[in-house]
Amino acid sequence: MTATMQAHPGPRPGFWTRLQSRPAKPYTHPYFAGALLGLVLFASFFLTGNGLGASGGLNRMIVYVEDLVAPEHVDRVPYLINLAGGDRNPLDDWVVLVAVGAVLGGFASGWRNGRLKLETAKGPRISTRTRWVMAFAGGTIMGFGARFARGCTSGQALSGGAVLSAGSWVLMFAIFGSAYGLAYFIRRLWL
Amino acid sequence: MGIFPLALDGLIGHSGTLLVYLLIGFAFGYVLEMAGFGYAPKLAGQFYLTDMTVLKVMFGGIIVAMVLVFAATGLGLLDYNLIWVNPTYLWPGIVGGLIMGVGFIVGGLCPGTSLVALATFKIDGLFYVLGVFFGIFLFGETVDNFSIFWNSSYLGRLTLMDVFHLDAGVVVLLVVLMALGMFAGAELLEKVFGERNLRIEPKARFAGAAVMIALALAVLAIGQPSTEDRWAAVSQAKTAALTERQVQIQPGEVLHLMHEHDLTLVLLDVRSESDYNLFHLADARRITPEALPELLPEFRLEPATTVFLVMSNDETAATTIWKTMVAESVMNAYIVEGGINGWLDAFGAGDDRITPTAAGGDDELRYAFASALGESYPASFPDPQKFELTYDERVKLELKRGPAGKGCG
């Protein structure tokens, strides 16, 4: 720090700037994080009988919005009736709370570890705009696939895998298989 | 049988239960972010062999949770019957998985990690989450067009133990060994493609691997409870309930339950096919002891307002089935007191097609029928206004334990 900087410190940065300027700590080692994840997953099964999940929570949130906007439509589609037909509240479900909790927990860890940052994480060879489009496209495909498979990497691969559901293991290999299969062809996105 | 999982709603109320889930989610999101899963390029690195964090965290999580689940079950603390094991829809799962893989590599995130990315202000995370909402919306709007396929190849609560005909302990050990092998392979790939310096990796990981193998061996040694073990865990209380006639429901109460709208009555008739065809209660379902194991997962998923009534001609066969159901964690199971014989004693008079015969052996039908009308006799569904029977009220609905909803859906 030079003498000039010491003489003129300038105005204190705003709250959001300070929030995002915390020094970034290194990631936890994968094996240790995996062990912690396993403990959380076990605790969930042990206490509640349910594993973890995410897509189900997002599913119910979007169905909630659909029910607000077009309730008669929801009452006519079998897939939607089960979730929000009549006066059923789709948000009153464990997986919605887990999804909301995950956002809070992700924020808390990001805050503590100095990784809160308004930015676009992307590969070096593509533009930010391309990344946004690809993220939306990837999310769309994933969302569709997750309901097709009745669960995503959290609800099926991780949770179902841990309790040895045969379908979950098959599904898990399908996810990895197709991702690996496509990776080379779209390497420009990431490498 | 295991006191875990808990009947949370009963212990801490509905809001308390939702809070528990919120806290679990909090821990979940926190750990994911700690591992770096809010950062899409890191996740994508998995598929270019440069950064195998996804594999290590996911499989690390799987084997730790798996070993703990099966250890807790083997020790009688946790009831594996009451935890959510995703039912297998084979082909929809495969197709869905293939689609998800595309979404994963194109977007660099998955639903859970996208929430974490969003939470740490990643704009790509926001776009991804919006995409997931859109994709789910598209699914809801189009699924009716392929709902036959979507509901096909249903194999029920199928486990790897069922598929490979191996004990849980063996499967646990094999999965642990496979995971450790994959970790070793992953480290090698990271060294080759990601230029990772293996020498600065924590040596503790070898100790960790040894611990996992030891735990898996312990699980194998402890074993998993059989139906007999499960019955033995509850036999004192349940045998007392049988001798004190607390779980045998009198015909008058059965009749009342048949007309009760607040609950779902499942009538299980365990007699021979010929007896069943002669006469049975309205909507009674005939099951055999051989078929019972396959039906148990279906029974366990019933809500807390479902009552099972098991019946035979007297009570012997019904009691045997009842014991198995109770041992295997089916809630609200009861026996029809006096069985069909007792039922016809109460409701069969006045129908001259039904005639009592000489008392036969135990659990033999004491009635003869002019023709085999099944449930078309009036006595199959007696009119409650015609019969004023007194009875001791014995059905008590139990608190629901285990998966609240239908899994992640």
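Remember, predicted model here, so these are calculated numbers, not experimental data.

With respect to the overall build of chain A
Here's step 1: Helices and strands together make up the secondary structure of chain A, namely ten helices and zero strands.
Here's step 2: Taken from N to C terminus, the helices and strands of chain A fall in the order α-α-α-α-α-α-α-α-α-α.
Here's step 3: Since a compact globule built from 191 residues should have a radius of gyration of about 16 Å, the 21 Å found for chain A marks it as more spread out than a globular shape.
Here's step 4: Counting only residues that meet the buried cut, chain A has 54% of its 191 residues in that class.
Here's step 5: Accessible area of chain A: about 8,400 Å², with a carbon and sulfur share of 66%.

A look at the interface of chain A and chain B
Here's step 1: Contacts between chain A and chain B engage 123 residues on the former and 130 residues on the latter.
Here's step 2: Across the chain A/chain B interface, buried area totals approximately 11,200 Å², and carbon plus sulfur atoms make up 76% of it.
Here's step 3: Together, A:Y31, A:F148 and A:R150 form the three largest contributors to the area buried by chain A at its contact with chain B, with a combined 7%.
Here's step 4: At the junction of chain A with chain B, the criterion picks out three salt bridges.
Here's step 5: Note that A:R131 and B:D124 form a salt bridge whose closest N and O atoms lie 2.8 Å from each other.
Here's step 6: Counting across the chain A and chain B interface gives 39 residue pairs in polar contact (both at pLDDT 80 or more).
Here's step 7: Of all the elements in the fold, those that place two or more residues in the side of chain A that touches chain B are α2 (15–20), α3 (30–48), α4 (55–69), α6 (78–84), α7 (94–112), α8 (128–148), α9 (153–162) and α10 (166–183) of chain A.

A look at unusual backbone geometry
All names here are of chain B.
Here's step 1: Omega for the bond connecting F4 with P5 falls within 30 degrees of zero, at -5 degrees, which places this linkage in the cis form.
Here's step 2: Inspection of the secondary structure puts P5 in the segment before α1 (8–34).
Here's step 3: The phi torsion at S329 lies on the positive side, around 70 degrees, for a residue other than glycine.
Here's step 4: By the secondary structure assignment, S329 is in the loop between α15 (316–327) and β7 (333–336).
Here's step 5: A residue is classified by how much of its surface remains accessible, and S329, at 6% relative accessible area, is buried.

Points about the sheet that holds strand β3 (residues 248–249) of chain B
Residues and elements named next belong to chain B.
Here's step 1: Strand order in the open sheet formed by five strands is β3-β7-β6-β4-β5, with parallel pairing between adjacent strands. Since the sheet does not close on itself, it has two edges, and those belong to β3 and β5 (285–286), each with one partner.
Here's step 2: In the sheet, strand β4 (residues 264–269) pairs with β5 via two bridges, with the strands oriented parallel. The residue bridging L268 from the neighbouring strand is R285, located in β5.

Quick look at helix α16 (residues 339–347) of chain B
Residues and elements named next belong to chain B.
Here's step 1: Most of α16 sits out of view: seven of its nine residues are buried.
Here's step 2: Looking only at α16, the buried set comprises G339, I340, N341, G342, W343, L344 and F347.
Here's step 3: Close packing links the buried residues of α16 with α12 (251–258), β6 (306–311), β7, β8 (354–356) and β9 (367–369).

A short note on empty space enclosed by the protein
Here's step 1: Considering all chains together, one arrives at three cavities of 30 Å³ or more under this definition.
Here's step 2: In terms of lining residues, the largest cavity is bounded by 13 residues, among which A:T153, B:L32, B:F37, B:M58 and B:C110 are the most central.
Here's step 3: When residues of the lining of the largest cavity are traced back to their parent elements, those giving at least two are α9 of chain A together with α1 and α3 (53–74) of chain B.
Here's step 4: Broken down by element, the residue count for the lining of the largest cavity peaks at three residues, all from α9(A).

A few points about the nonpolar core
A general feature of soluble globular proteins is that nonpolar side chains tend to end up buried together.
Here's step 1: Counting residues in each nonpolar core, the largest one holds 116 residues, and the members touching the most others are A:L164, B:F28, B:M66, B:V69 and B:F70.
Here's step 2: Considering every element that reaches this core, the biggest residue donor is α3(B), with 15 residues.
Here's step 3: What B:M66 contacts, discounting residues up to four positions off in sequence, is A:A162, A:L164, B:V172, B:V175 and B:V176.
Here's step 4: One finds B:V270, B:F279, B:W343 and B:L365 within the second-largest nonpolar core, a separate group that totals 50 residues.

Observations regarding the pattern of salt bridges
Residue and element names in this part refer to chain B.
Here's step 1: This model, assessed by the stated rule, comprises 20 salt bridges over all chains.
Here's step 2: Residue R353 pairs with D351 through a salt bridge whose shortest N-O separation is 3.1 Å.
Here's step 3: Exposure remark for D351: the relative accessible area of 12% places this residue in the buried category.
Here's step 4: Residues participating in the shared-partner salt-bridge network are R245, E315, E337, D392 and R394.

Some thoughts on the domain arrangement of chain B
All names here are of chain B.
Here's step 1: Each domain of chain B was delimited in the assignment, giving domain 1 (8–225) and domain 2 (228–386).
Here's step 2: Using only C-alpha atoms to locate each centre, domain 1 and domain 2 end up separated by 42 Å.
Here's step 3: Together, N81, R157 and P225 form the three largest contributors to the area buried by domain 1 at its contact with domain 2, with a combined 65%.
Here's step 4: The partner of R230 in a salt bridge is D79, and the shortest N-O contact between them spans 2.5 Å.
Here's step 5: Here the residues of the side of domain 1 that touches domain 2 are counted per class, giving four nonpolar, two polar and two charged.

Focus on α8(A)
Here's step 1: With 21 residues, α8(A) should reach 30 Å at 1.5 Å per residue; the first-to-last C-alpha distance of 30 Å fits that figure.
Here's step 2: With its phi angle positive at about 60 degrees, A:R150 sits one or two positions after the end of α8(A).

Observations regarding the layout of surface pockets
Here's step 1: Considered as a void within the structure, the second largest pocket measures approximately 570 Å³ in volume.
Here's step 2: Of all the secondary-structure elements, those providing two or more residues to the lining of the second largest pocket are α3 of chain A together with α3, α9 (168–193) and α10 (204–222) of chain B.
Here's step 3: Here the element with the most residues in the lining of the second largest pocket is α10(B); it accounts for eight residues.
Here's step 4: The residue makeup of the lining of the second largest pocket, split by class, is 17 nonpolar, three polar and three charged.

Quick notes on the domain arrangement of chain A
Accessible area lost during the coming together of the parts is what is often quoted as the interface size.
Residues and elements named next belong to chain A.
Here's step 1: Here chain A is partitioned into domain 1 (30–117) and domain 2 (120–191).
Here's step 2: The C-alpha centroid of domain 2 is placed 18 Å from the C-alpha centroid of domain 1.
Here's step 3: Tallying the contact residues gives eleven residues for domain 1 and ten residues for domain 2.
Here's step 4: Both sides together, the interface formed by domain 1 and domain 2 hides about 720 Å², and carbon and sulfur atoms give 69% of it.

Brief notes about the side chain of B:T159
Here's step 1: Note on placement: B:T159 falls in the loop between β2 (154–156) and α8 (160–164).
Here's step 2: In this view, B:T159 contacts A:L164, A:S165, A:A166, B:Y80 and B:V85; residues no more than four positions away in its chain are not counted.

A closer look at the packing of aromatic side chains
Here's step 1: What the rule picks out here adds up to 35 aromatic pairs over all chains.
Here's step 2: Both rings, one in B:F347 and one in B:F387, keep their centres 4.8 Å apart while their planes meet at 90 degrees; by these two values the pair is edge-to-face. Of this pair, B:F347 sits in helix α16 while B:F387 sits in the segment after β9, and the two are 40 residues apart along the sequence.
Here's step 3: Judged by relative accessible area, which is 4%, B:F347 ranks as buried.
Here's step 4: Among the aromatic residues, ring-to-ring pairing joins A:Y79, A:F144, A:F148, B:F139, B:F146, B:F149 and B:W150 into one connected group.

Conventions and cut-offs
Residues numbered from 1 in each chain as written. Chains lettered and ligands numbered in written order. Predicted model: local features only at pLDDT ≥ 70, side-chain atom pairs only at ≥ 80, totals over all residues. Heavy atoms only, no water. Helix = DSSP H or I, 4+ residues; strand = E, 2+ residues; numbered from the N terminus. Rg over C-alpha atoms; globule rule 2.2 N^0.38 Å. Buried < 20%, exposed > 50% of the residue type's maximum accessible area, 1.4 Å probe, protein only. Areas by Shrake-Rupley, 256 points an atom, 1.4 Å probe, with all protein chains shown as cover. Contact = heavy atoms within 4.5 Å. Buried area = accessible area lost by both parts, 1.4 Å probe. Salt bridge = Lys/Arg side-chain N within 4 Å of Asp/Glu carboxyl O. Polar contact = N/O pair within 3.5 Å; in protein donor to acceptor, adjacent residues only side chain to side chain. Pairing = 2+ DSSP bridges. 1 Å grid on protein atoms, 1.4 Å probe; cavity = no way out; pocket = protein on both sides within 12 Å on 5 of 7 lines; lining within 4 Å. Points joined across faces, edges and corners; volume = space filled by probe spheres on them. Core = buried A, V, L, I, M, F, W, Y, C linked by side-chain atoms within 4.5 Å. Domains from an automatic or database assignment. Nonpolar A, V, L, I, M, F, W, Y, C, P; charged D, E, K, R; others polar. Expected span 1.5 Å × (residues − 1). Phe/Tyr/Trp six-rings, centres within 6.5 Å; stacked < 30°, edge-to-face > 60°.

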